[in-house]
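So you can see what is in the structure, the chains are spelled out below.
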Amino acid sequence: MNITVQNLDHVFVAKLEGEIDAKTAPTITEQVLPLMKPGSKILMDLTLVSYMSSAGLRSLLSIYRQSTAKDSQLVLVGLSEELKDTMSMTGFLDFFKTADTVDAGVEALKSS
């Protein structure tokens, strides 16, 4: 799992690459949660995520809860059809704002 974080026009973009499972999910949480500050805008780019286990879903839910608690905004970008289906069936998709591209996600965060 590779995670890179950059600041793109006042939006933190966390680009994830690889598989999210029980081994890598804690690392994602450790690297994304410090970005959560009141009013912060975070985009998680999952375009290059090839697999996500239930541990990954739990990590996303934890990140979502922290973003809500800290009054920050969160958008998920680049969800594969398989991941969208899984998140939809489990009700997780209802919690998140999503976008197809990084540019669309940044625009959604800037306009809200």
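The shown structure was predicted, so the numbers you read here are calculated from the model rather than taken from an experiment.

Draft legend 1. Fine view of the sheet that holds strand β1 (residues 2-8). With respect to topology, five strands assemble into an open sheet ordered β1-β2-β3-β4-β5, the strand pairing being mixed. Each edge of the open sheet is held by one strand with a lone partner, namely β1 and β5 (97-99). If you compare each strand with its neighbour and ignore which way they point, the axes differ by 25° on average. Relative to strand β4 (residues 73-77), strand β3 (residues 41-52) is paired through five bridges, and the arrangement is parallel. Residue pairing in the sheet places Asp45 in a bridge with Val77 of β4.

Draft legend 2. Summary view of the environment of Ser40. Its location among the elements puts Ser40 in the loop between α1 (25-32) and β3. Distance in space between the C-alpha atoms of Ser40 and Ser72 is 4.7 Å, their sequence separation being 32 residues. Once you skip the residues sitting within four places of it in the chain, Ser40 turns out to touch Leu35, Ser72 and Gln73. Within the structure, Ser40 has its side chain in polar contact with the backbone oxygen of Lys37 (distance 2.8 Å).

Draft legend 3. Here's a closer look at the pattern of salt bridges. A complete count under the given rule lists four salt bridges for this structure. One salt bridge in this structure joins Lys110 and Asp9, with 2.6 Å as the shortest N-O distance. In this pair, Lys110 is assigned in helix α4 (residues 102-111) and Asp9 in the loop between β1 and β2 (11-20), connecting sequence segments 101 residues apart. Lys84 is the salt-bridge partner of Glu81, the closest N and O atoms lying 3.7 Å from each other. Highlighted residues: Glu81 and Lys84, both in helix α3 (residues 81-90), separated by three residues, approximately one helical turn. The class of Lys84 is partly exposed, set by a relative accessible area of 24%. Within this structure, Asp9, Glu107 and Lys110 form a network of salt bridges that share partners.

About the criteria used
- Residues numbered from 1 in each chain as written.
- Predicted model: local features only at pLDDT ≥ 70, side-chain atom pairs only at ≥ 80, totals over all residues.
- Heavy atoms only, no water.
- Pairing = 2+ DSSP bridges.
- Helix = DSSP H or I, 4+ residues; strand = E, 2+ residues; numbered from the N terminus.
- Axes fitted to C-alpha atoms, helices over the stretch in contact; angles between N-to-C directions.
- Contact = heavy atoms within 4.5 Å.
- Polar contact = N/O pair within 3.5 Å; in protein donor to acceptor, adjacent residues only side chain to side chain.
- Salt bridge = Lys/Arg side-chain N within 4 Å of Asp/Glu carboxyl O.
- Buried < 20%, exposed > 50% of the residue type's maximum accessible area, 1.4 Å probe, protein only.

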